[in-house]
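Analysis of the macromolecular model
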Amino acid sequence: MALGTLNPTLLALSQWRAEMDRAFETLHRGTDGATPRSRWGTRTFPQLNLLEDDDRVYVEAELPGLRMEDLDVVVTGSELSIKGRRSALPEEGLTVHRRERGSGEFHRVVRLPVDVEVDRVQATLVNGVLTVALPKARVARPRRIEVKAR
């Protein structure tokens, strides 16, 4: 096919694909040109650990610079939701050379491995680490079964 006789449908599809590529690049980079990884440090924010012992499930989330007033922690069914907002630093009169700390709203939902007693959940924020202690529901706790010999 000669360059001068390019199929109009193929040309339209090519233009549409280029527009979609630009749109996805913008979504990936964000409006400030930074990738999600450089805006939040990782692709998922906040980073967390999910731990369990016989009686409780623990979620530890890294939230440097936030206060409890900035957070909304909710347990619904078998999910823990952590929402919050990190305020941006004022830039008036400043030249920004590097921006790696993210700002704005975030929302992280974690599926819990067992049912929990929602009324007894406790959350603390110490030195930028949110710890949520979720007592296991009675039916989710291990129970020792006595084996009898006959």
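Located above this text is the structure these notes cover.
A short tour of the structure in this document, coming up.

So, about the sheet that holds strand S4 (residues 79-86). Taken together, 3 strands build an open sheet; the order of strands is S3-S4-S5 and the sheet is antiparallel. Of all strands in the sheet, those bounded by a partner on one side alone are strand S3 (71-76) and strand S5 (104-111). Sheet twist, expressed as the mean angle between neighbouring strand axes with direction ignored, is 10°. Inspection of the sheet shows S3 paired to S4 by 6 bridges, in the antiparallel sense. Counterpart to Val73 in the pairing with S4 is Ile82.

Right, let's get into the side chain of Ser81. Within the secondary structure, Ser81 sits in strand S4. By relative accessible area, which is 14% here, Ser81 ends up buried. Separated by 2.8 Å, the side chains of Ser81 and His107 make a polar contact. Those residues in contact with Ser81 that lie beyond four places of it in its chain are Asp72, Val73, Val74, His107, Arg108 and Val109.

The pairing of strands in a sheet happens through backbone hydrogen bonds and is either parallel or antiparallel. With antiparallel pairing, 4 strands are arranged side by side in an open sheet as S1-S2-S7-S6. Each of the sheet's edge strands pairs with one partner strand only, and the pair in question is strand S1 (48-52) and strand S6 (122-126). When strand polarity is set aside, the average angle formed by the axes of neighbouring strands in this sheet is 15°. Strand direction decides the pairing type here: S1 and strand S2 (residues 56-62), joined by 5 bridges, are antiparallel. Bridging from a neighbouring strand, Leu51 pairs with Tyr58 of S2.

Applying the stated criterion across every chain, the model contains 5 salt bridges. In this structure, Arg111 engages Glu79 in a salt bridge whose closest nitrogen and oxygen atoms are separated by 3.2 Å. A residue pair is termed long-range when its members are at least 10 positions apart, and Arg111 in strand S5 and Glu79 in strand S4 qualify at 32 residues. Between Arg120 and Glu117 there is a salt bridge whose closest N-O contact spans 2.9 Å. Note on Arg120: relative accessible area 40%, which makes it partly exposed. On the basis of relative accessibility, which here comes to 25%, the residue Glu117 falls in the partly exposed class.

About the thresholds
- Per chain, residues are indexed from 1 in the order of the written sequence.
- The model is predicted, so local features are restricted to residues of pLDDT at least 70 and side-chain atom pairs to those at 80 or more, both for listing and for counting; the totals for chains, interfaces and linings are taken over all residues.
- With hydrogens and water set aside, each side-chain value is computed from the structure's full complement of heavy atoms.
- Between any two strands, at least two bridges found by DSSP are needed for them to pair.
- Each helix is a run of H or I in the DSSP string that is no shorter than four residues. Each strand is a run of E no shorter than two, and both are numbered from the N terminus.
- To obtain an axis, a line is fitted to C-alpha atoms, over the contacting stretch when the element is a helix, and the angle between two such axes runs from 0 to 180 degrees between their N-to-C directions.
- Residue exposure (1.4 Å probe, protein chains only): buried if accessible area is under 20% of the type maximum, exposed if over 50%, otherwise partly exposed.
- Within 3.5 Å is the distance limit for a polar contact, defined as a pair of N or O atoms, with the added protein rule that one can donate a hydrogen and the other accept it, and that residues adjacent in sequence qualify only through two side-chain atoms.
- The contact criterion used throughout is that any non-hydrogen atoms of two residues lie within 4.5 Å.
- One speaks of a salt bridge when a side-chain nitrogen belonging to Lys or Arg is within 4 Å of a carboxyl oxygen belonging to Asp or Glu.

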